[in-house]
Amino acid sequence: MDMTRRAALKTSAAIASSVLFPMRSFAQETPRKGGVFTVHYGAEQRQLNPSLQASTGVYIIGGKIQEQLVDLDAKGQPVGVLAESWEAAPDGKTITFKLRPGVTWHDGKPFTSADVQFTAMEMWKKILNYGTTLQLFLTAVDTPDPLTAVFRYERPMPLNLLLRALPDLGYVSPRHLYEGKGDIRQNPVNLAPVGTGPFKFVQYERGQHVIAERNPNYWRQNAPYLDRIVWRVVTDRAAAAAQMEAGQIHYSPFSGLTISDSARLGKDPRFIVSTKGNEGNARTNTIEFNFRRKELADIRVRRAIAHALDIPFFIENFLGDFAKRGTGPVPSVSTDFYPADNGPQYPFDKKLAAKLLDEAGFKPSTGGTRFSLRLLPAPWGEDITLFATFIQQSLADVGIKIEIVRTDGGGYLKQVYDDHAFDLATGWHQYRNDPAVSTTVWYRSGQPKGAPWTNQWDWTDPTIDKIIDDAATEVDAARRKSLYGDFVRRANTELPIWTPIEQIFLTAISAKARNHSNTPRWGSSSWHDLWLAE
Amino acid sequence: MRVLVLAGRRLAASIPTLILILIGVFLLLQLAPGDTVDAMMAQMGGGDAATAKQLREFYGLDLSVWAQLGNYLWRLVRLDLGFSAIYGKPVATVIAERLPATILLMTASLSFAFFFGLILGVAAARGVNKWPDTLISTLGLMFYAMPTFWFGLMAIVVFSIYLQWLPAGGFEDITVSYTGLRRTLDIALHLVLPTLTLGLFYMAIYLRIMRGSMLEVLNLDFVRTARSKGMDETRVVVRHVLRNALLPMVTLIGLQAGTMLGGSVVVESVFSLPGLGRLAYESVIQRDLNTLLGIVFVSALLVIAVNFIVDLLYARLDPRITAGN
């Protein structure tokens, strides 16, 4: 009986999929070996080694070649890759990883705990962005045998923090190609990475393409399916959409196409456009307030600004179905940390906004203007540019005049994070599965000047500093979660940064691809099970 | 021989200009907020202040502007273009990798524009104020007015997406590795649309210039003489008119070699070609000063070389120039 029910379910699912995707037939659903998968690569990086640079631009290539100790499975739970199991001491100061046996580097040398030790101490702790913060209190990695790596910390390291950080910040590099070869940052291996992953690096032609091919000695049986992956460098978004339509590109990750092209390709049966597979790459649109301006140091003004923006209107008319109202610094896709109560929200209410501004003592002048602010939009995303214009127009209605200052990436970071030459800034905050990885530094005071994506708003709050510090070393998972609930509520009450919109990156992929988007950070993952139907 | 001396003198005169341009670009880029380390941080998605300081020291960005400029010029004297911060390679290597695509695109576009501009211009001039002239002139005006990127994208929509005749972008097919003649053909196919996109605008200019100068020369006395001697019309046009009408066209090539490098930024982006134009754009965004200055230097050399060839062509077309009077 049970069998028939299962069979019936299977059949109905197959029928549903054949209605949705009439080109697919059942016979093709047996995984096929072979094929070349072509990927849109929008912005070239200085190097491709994910042990040295945590960014999707590096993972999209380096993550197929190198592997990390731990990745996330389909449900978003940590699953071993180069590590098979792990264990934390009760005091949280020692975490032991048992490594996978029989794994070799692409050059044939065996993978051992010495590689993990070297990568952790020399790369994660010293060079890797976010890794330097995460591993700040790492004192040593012991290697009692080739398949055991013992991480020793000066202060307690919550195991669940480490496991959620390692998918991004836990890629291992081959010690024998780095040790004693001079400056790690300048090592040529960074541009021709050697790893243990399913694909081997073949060629990088700057400005054109990167090629990787199947690793015949990969440790997972029968993997990978693809013969080759080719990343095509296409900087123009419209050109990338055209190349997808012409069949030259199979996959455009991380919202690489324009919003309008994504919507258009989404209606074409040859492509699938969705946010699936990017849940681990959630981001919020932010408004950062510079507390050095006396107007913005007044909480009533910050709240007034939040109330003055009709966020649902903006989402509906400019971002389509791919965004939703944000509730705080921890996005709703974070099953581990999203609090039941996010604290105060700021619904659209122009009258209330005007009232708050009046109360704060900023009455409109004869022209209707209360004061002017300089707004710096970050240059990485169409939505940010649109949002800046929307902020400008909405705030004009309540008497705040906005001057938009446009710059490129380098200019934006310099002016906001080094010169503090901004009143309002708007950009993205990318959430990395645990608030301690890259979220709390936006709120913790005492960040050194010039460190991008940290609290440079001149906002100091001993209460939130204490919550952040306590949570960072709290080894009890339930208590950590509750501390981060306090953090979110405090952040939403004091509003040093407002996170009005929550988004997940968009993926556009050929309908021929199978086993795609099946993990929360799929674009960055190893693609060992990805295959292409005929 | 005399023309070589003449051209050589002009070559020597362009060196101070070149140095001034380099200094100008160097100082201009100092006005942009942020340096290469800021751009690097933007790309990485974060990093701490200590790393930034370390990187600034590594790239010599902690020195004063004048010290940096001095260092650069001193390296240039030794023909060293420096090291690229984004590419992690010597600038000379980076440029050498990108140069072929740009030179191919420029040569193809210029030849296309020159050849068709000439033919259409002559045809229009010969049928002046009749239908061929009206048709050709209207077309010319259209190509002149059309934005390059728009034409490029439309060409992709028609020829790559609907008809599937030509590739939508890239320099060659990388999913298969062709060699020899097959590869040449493949690259040629990839260059058809970019060449048309970049070339049509210039063709429109050449067409008008050619038509104008043809009409002017056709009315000169020596043409009337030739005709009255009973020479047939084709011979008159080819031997007498064309040769004289070509001079303004050749002048224009020299001028446009420079503008074309600028125009190639758009075309290279739309068609994802790995050329110098896009490299220049990326170097500005990444604040990679060495690479940008290297490109300015090499482009200036290219323009000088084209003008040198133009000088030689002049002499061939108009012997009076060699006479040196």
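Rules of the game
- Residues numbered from 1 in each chain as written.
- Chains lettered and ligands numbered in written order.
- Predicted model: local features only at pLDDT ≥ 70, side-chain atom pairs only at ≥ 80, totals over all residues.
- Heavy atoms only, no water.
- Contact = heavy atoms within 4.5 Å.
- Buried area = accessible area lost by both parts, 1.4 Å probe.
- Salt bridge = Lys/Arg side-chain N within 4 Å of Asp/Glu carboxyl O.
- Pairing = 2+ DSSP bridges.
- Helix = DSSP H or I, 4+ residues; strand = E, 2+ residues; numbered from the N terminus.
- Axes fitted to C-alpha atoms, helices over the stretch in contact; angles between N-to-C directions.
- Buried < 20%, exposed > 50% of the residue type's maximum accessible area, 1.4 Å probe, protein only.
- Arc of directions from axis to C-beta.
- Phe/Tyr/Trp six-rings, centres within 6.5 Å; stacked < 30°, edge-to-face > 60°.
- Core = buried A, V, L, I, M, F, W, Y, C linked by side-chain atoms within 4.5 Å.
- Lys, Arg positive; Asp, Glu negative; His and termini not counted.
- Patch = residues over 30% accessible without salt bridge, like charges linked within 9 Å, V, L, I, M, F, W, Y side chains within 5 Å.
- Areas by Shrake-Rupley, 256 points an atom, 1.4 Å probe, with all protein chains shown as cover.
- Charge placed at Lys NZ, Arg CZ, Asp CG, Glu CD.

1. Brief notes about the interface of chain A and chain B
So, point 1. On the chain B side, the residues contacting the 50 residues of chain A number 51 residues.
So, point 2. Interface of chain A and chain B: buried area, both sides summed, is about 3900 Å²; carbon and sulfur atoms make up 53% of it.
So, point 3. Three residues, Arg46, Arg185 and Arg206 of chain A, lead the burial of chain A against chain B; their summed loss comes to 19% of the area buried on that side.
So, point 4. Across the contact surface, chain A and chain B share 1 salt bridge.

2. Some words on the sheet that holds strand β5 (residues 94–99) of chain A
All names here are of chain A.
So, point 1. In spatial order, the strands read β4-β5-β7-β6; together these 4 strands make up an open sheet with antiparallel pairing. The open sheet has two edge strands with one neighbour each: β4 (83–88) and β6 (138–145). Ignoring which end each strand starts from, the neighbouring axes of this sheet average 20° apart.
So, point 2. Sheet analysis places β6 next to strand β7 (residues 148–153), joined by 5 bridges and oriented antiparallel. Opposite Val141, over in β7, you have Phe151 as the bridge partner.
So, point 3. Contacts from helix α5 (residues 159–169) reach β4, β5 and β7, with the element oriented near 45° to β5.

3. Focus on helix α7 (residues 259–266) of chain A
Residues and elements named next belong to chain A.
So, point 1. Turning to α7, its buried residues number three or more, namely Asp261, Ser262 and Leu265. Taken down its axis, α7 places every buried residue within 100° of arc, on the same side.
So, point 2. Those residues of α7 hidden inside the fold are in contact with α6 (237–245) and β12 (271–274).

4. Here we look at the packing of aromatic side chains
Residue and element names in this part refer to chain A.
So, point 1. Within the structure shown, the criterion is met by 35 aromatic pairs over all chains.
So, point 2. Seen in terms of ring centroids, Trp380 and Trp453 are 5.7 Å apart; in terms of plane orientation they differ by 50°. Their pairing is tilted. Taken together, the residues Trp380 in the loop between β15 (371–377) and α12 (382–397) and Trp453 in the loop between α14 (435–438) and α15 (462–473) connect sequence positions 73 residues apart.
So, point 3. Seen in terms of ring centroids, Tyr484 and Phe487 are 6.2 Å apart; in terms of plane orientation they differ by 85°. Their pairing is edge-to-face. Taken together, the positions of Tyr484 and Phe487, both in helix α16 (residues 477–494) and 3 residues apart, correspond to about one turn of that helix.

5. Topic: the nonpolar core
So, point 1. Counting 149 residues, the largest nonpolar core has Phe37, Leu69, Phe97, Phe151, Leu395, Leu424 and Trp527 of chain A as its most contacted members.
So, point 2. Other than its neighbours up to four places away in sequence, Phe97 of chain A contacts Leu69, Val70, Ala83, Ser85, Trp86, Leu147, Thr148, Ala149, Phe151, Leu162, Leu163 and Leu166 of chain A.
So, point 3. Among the nonpolar cores identified, the runner-up in size contains 61 residues, and Ala242 and Ala246 of chain A together with Leu218 and Met260 of chain B belong to it.

6. Observations regarding the sheet that holds strand β13 (residues 282–289) of chain A
Residue and element names in this part refer to chain A.
So, point 1. A sheet is described by the order of its strands in space; here 6 strands give the open sequence β14-β18-β13-β17-β15-β16, paired in mixed fashion. Bordering the open sheet on either side are β14 (323–325) and β16 (400–404), each of which pairs with just one other strand. On average, adjacent strands in this sheet sit at an angle of 30° to one another, irrespective of strand direction.
So, point 2. Examined bridge by bridge, β13 and strand β17 (residues 424–430) share 7 bridges and lie antiparallel to one another. Its bridge partner being in β17, Thr286 is matched across the sheet by Gly427.

7. Observations regarding the side chain of Arg302 of chain A
Residues and elements named next belong to chain A.
So, point 1. Mapped onto the secondary structure, Arg302 falls in helix α9 (residues 299–307).
So, point 2. Lacking a salt bridge, the buried Arg302 has Glu494 as its closest oppositely charged neighbour, with an N-O distance of 4.3 Å.
So, point 3. Setting aside residues up to four positions removed in sequence, Arg302 forms contacts with Phe289, Phe291, Leu296, Ala297, Glu494, Leu495 and Pro496.

8. Section: a nonpolar patch on the surface
So, point 1. Taken together, the side chains of Trp131, Leu135, Leu139 and Met142 of chain B define a hydrophobic patch exposed on the protein surface, amounting to about 470 Å² of accessible area.
So, point 2. On the secondary structure map, Trp131 of chain B appears in helix α6 (residues 131–145).

9. What to know about a positive patch on the surface
All names here are of chain B.
So, point 1. Residues Arg235, Arg239, Arg243 and Arg316 make up a contiguous surface patch of positive charge.
So, point 2. Here the positive patch takes 3 residues from helix α10 (residues 233–270), the largest share from any one element.
So, point 3. By the secondary structure assignment, Arg235 is in helix α10.
So, point 4. When its relative accessible area of 42% is taken as the criterion, Arg235 is described as partly exposed.

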